[in-house]
Every structure is written in C-alpha cells, then in structure tokens.
Amino acid sequence: METVMHVLLTGAAGFIGQHVLEQLLKRGHEVRVLDSLRPDVHRSGAAWTLPHDGVEALVGDVRDRDFVSRAVSGVDGVIHLAAKVGLGVDLDDMPDYASSNDLGTAELLAGMARAGVSRLTLASSMVVYGEGFGYCAEHGAVRPGPRVESALAIGDFEPPCPVCGRGLAVGLVDEETSFDPRNAYATSKAAQEFYAANWARATGGSAAMMRYHNVYGPGMPRDTPYAGVASIFTSALRRGEAPRVFEDGRQRRDFVHVRDVAAATVLACERSQAGVRAYNVGSGTPRTVGDMALALARALDGPRPAVTGQYRLGDVRHITADSSRLRRELGWSPAVDFADGMAELAALSVAEPARPRVALG
Ligand code: UD1
C-alpha cells in the first residue's frame, strides 16, 4: 500500500473525475473534491452527489484566486481534471478554451506554489501530437500537416506524405514526439502542459502529464457537445438509429476504459518522481471508428453503422500512441478488454436513463 495522501481532485463531478474519486477512496486517500458544475456540462441547477460522506466538496472555479487558495491549502498533491473538453464548434469557442483550461491551470499552479504543494497530476490529451507520425515508403517517418478541406470534401481522408504526397502507414507516437495541436482544445492542453512544466521547474515539484486517449465507459457524457463518439453511437442505437460514422470509418483511435484511465491517474499521483514526466494513456490496441460502431451495433442488436463521409474540420485522422512507458515506469496495465468494455457500455445504456451521474436538484 502506498502512503496515504491528502489529494485535491479538480473536475471531480466529471466523467473521468468520478472514477478517479472512487479509486482514490478505494486506495485509502483523503480527498477534497472541487468542481464548478458548469451548466453547459452539468446542466443548470445540478446538485452534486458524492459517493462518500467523508469527502470534502468545494463548488467553484479554478480561475478564482481566493477559491484556489482555499482549495489547495493543506493538500499533498493535486489531480487536475477540471477543463473544457470536446472539439469546440467554431472559433468563438477559442477564448473559453484559453480561459477555462489555461488561465484556470495557471491560477491553480500559482496557488499550489503559494501553498507549497509539490505534486501535480494533469489531465492532458493525445491530441497534443496532432496527426502524429506516418511512414512513407520513400521518405521514412514524416509528420503530416493538417488536412485541407478541399481534400476532405472529395473523400481524401488520409493525410499524405508532406514531401511527395504518397499514402502513409500509421506509426505509434511516443512521449518525446513534438506537439502539433490542431484545434483550440488541443492547443489549450499543450499550453497547460507547458505551464505545468514551468511550475515544476521553478518549484522543484513533480508534474505528471497524463495524455489520455479516447476514454469511454460508465458515466460518459451523453447528448451534450462533450459526448465522445462511443456515447453518440450508443444514444443513436438506443433510438433505433444507425450510428453515423464520419469519413470512411477507417480513422483509428485507441479506446481506453475509464476505470483503466482512473487507475493510471491515481498511480501517477502516488508514484511519479520529482520533475516533469509525460505518459500516454491508451489500451495499446488501436481500432477503427467503424469497427467500434459495429461492436456497439452488435452488442445492442441495432442497425448496421452508416458510413456518411461527413467530416469535422480540425479532427485528426489517426490518434494512436505507444503507452508502454506507463506500464514500464508506473506498473500500470489496462484491465478492461475492448469487447467487454463495449458490451458494458451497451448494457448500461439500456439499463440507465440518459442522465449524468450528477443528480439534478
Ligand atoms: C477525444 C476526446 C478528447 C480527447 C481525445 C484524445 C471527446 C468528445 N473528445 O477526441 O477530449 O482529448 O479524444 O484522444 O471525448 N465521429 C463519428 N461520428 C460522430 C462523432 C464522431 O464518426 O457522430 C468520429 C470523429 O470524426 C473522429 C472519431 O469519431 O474521427 C472520434 O471522435 P470524438 O469521440 O469526438 O473524439 P476525438 O476527436 O478523438
């Protein structure tokens, strides 16, 4: 058993936050939770149901300096999940990503420095790498540029070799791959990491950057702009509709179960050493979005997925990373198999009414 810590968990009412909270408590840590319960995520008038009476809960915003000072006082470490997620609708979303994610993190780090809190575990994302790597038969490993709308519009979804325009084989990115964020959310996650690294160097603290893949599982946001694709497909199937698969369905993601992500996050909080360390957090087995849609359609005995050719500007074609550092250094391994996880999601979508686990007041 690790040493018992007093941990501040931000974004604790969110999808990943609720699972992290459960695991922190299971492992005997003392937890203070914080969430702003922002109405665009949690619906207005939301009241917060906590799984445990002994948890101290604060409702407020990490951009509020006095609130942050109270929140960080007396804790040994912070797990920072509070953020605006999703792809964003248009450029009008940009200021809110910058404010919620970057200003929020900067205030939190400043508060931690004032209070002498030296451990940070930060929710980052695989999207910081952009398109990642591709292998060209002629030019070897290359970094494809952003996809252009004129190509997407005619169904040319694969990003080409930036030198010769040929097709590329997909490579797995490791943590040393440089950043190439392609949208406001990805940019805000990259900036959070840079601020956290500045803080760690200036204070001698430890910052573990958890670069999550596509997280799915119980409690996934549904029917909100923040719903991930697995949740969107499940909702469609429950309405008796075919899941609508964008592009040609061959875009790859690594779908990682939320309990595995929560376990990785708690391990990093307990074990990471002083300094800055990034960890890719994925199951290690990339799938196509089309295959995922098929798995859910089968599990719910619904119509076959419809591949629509639609696309979202700013979407990355393939996001697949090598998560072996996390296994090697923190002793983590994913416990939930893809087929079991998807079956669980399908079963829960039938059993549970479509509402978040934050109860409505
Ligand atoms: C997701 C997360 C993001 C995280 C990233 C890490 C969400 C909403 N976003 O981004 O926070 O940082 O993983 O890897 O959870 N698609 C369809 N049909 C739909 C909707 C989407 O086919 O109705 C496709 C998209 O075009 C995309 C894929 O599914 O190719 C995944 O989309 P989405 O679930 O929104 O996640 P990411 O953009 O990968």
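Data block above holds the structure.
Scope of this entry: the structure provided in the associated data block. Bear in mind that the values here come from a model prediction, so they are computed numbers and not experimental data.

### What about the packing of helix H1 (residues 15–26) against helix H8 (residues 258–271)?
In step 1: Running from N to C, H1 and H8 point in directions that differ by 60°, and their axes come no closer than 8 Å. The angle between H1 and H8 places the two elements in the oblique class. As H1 packs across H8, the resulting crossing turns out to be right-handed. On H8, the residues that touch Phe15, Ile16, His19, Val20, Gln23 and Leu24 of H1 are Val258, Arg259, Val261, Ala262, Ala263, Thr265 and Val266.
In step 2: Partitioned by chemical class, the residues of the contact of H1 with H8 number nine nonpolar, three polar and one charged.

### So, the packing of aromatic side chains
In step 1: Tallied over the full model, the rule gives four aromatic pairs.
In step 2: Ring geometry for Phe179 against Phe194: centres 5.5 Å apart, planes inclined by 55°, an arrangement best described as tilted. Of this pair, Phe179 sits in the loop between strand E8 (169–170) and helix H6 (184–203) while Phe194 sits in helix H6; the two residues are 15 residues apart in sequence, bridging distant segments of the chain.
In step 3: Relative accessible area serves as the criterion here: at 51%, Phe194 is assigned to the exposed category.
In step 4: Among the aromatic residues, ring-to-ring pairing joins Tyr129, Phe179 and Phe194 into one connected group.
In step 5: Here Lys84 stacks its cationic end above the ring of Tyr97, 5.0 Å away from the centre of that ring.
In step 6: Geometry around Phe133 places Arg143 over its ring, the cationic atom sitting 5.8 Å from the centre.

### Details of the state of the cysteines
In step 1: Enumeration over the complete set of coordinates arrives at zero disulfides.
In step 2: Left without a disulfide partner, Cys136 is nearest to the cysteine sulfur of Cys164, which lies 3.7 Å away.
In step 3: Lacking any disulfide linkage, Cys164 is separated from the closest cysteine sulfur, that of Cys161, by 3.7 Å.

Calculation notes
- Residues numbered from 1 in each chain as written.
- Predicted model: local features only at pLDDT ≥ 70, side-chain atom pairs only at ≥ 80, totals over all residues.
- Heavy atoms only, no water.
- Axes fitted to C-alpha atoms, helices over the stretch in contact; angles between N-to-C directions.
- Helix = DSSP H or I, 4+ residues; strand = E, 2+ residues; numbered from the N terminus.
- Parallel < 35°, antiparallel > 145°, perpendicular 65-115°, else oblique.
- Left-handed = near helix turned anticlockwise from the far one by under 90°.
- Contact = heavy atoms within 4.5 Å.
- Nonpolar A, V, L, I, M, F, W, Y, C, P; charged D, E, K, R; others polar.
- Phe/Tyr/Trp six-rings, centres within 6.5 Å; stacked < 30°, edge-to-face > 60°.
- Buried < 20%, exposed > 50% of the residue type's maximum accessible area, 1.4 Å probe, protein only.
- Lys NZ or Arg CZ within 6 Å of the ring centre and 35° of its normal.
- Disulfide = S-S within 2.5 Å.

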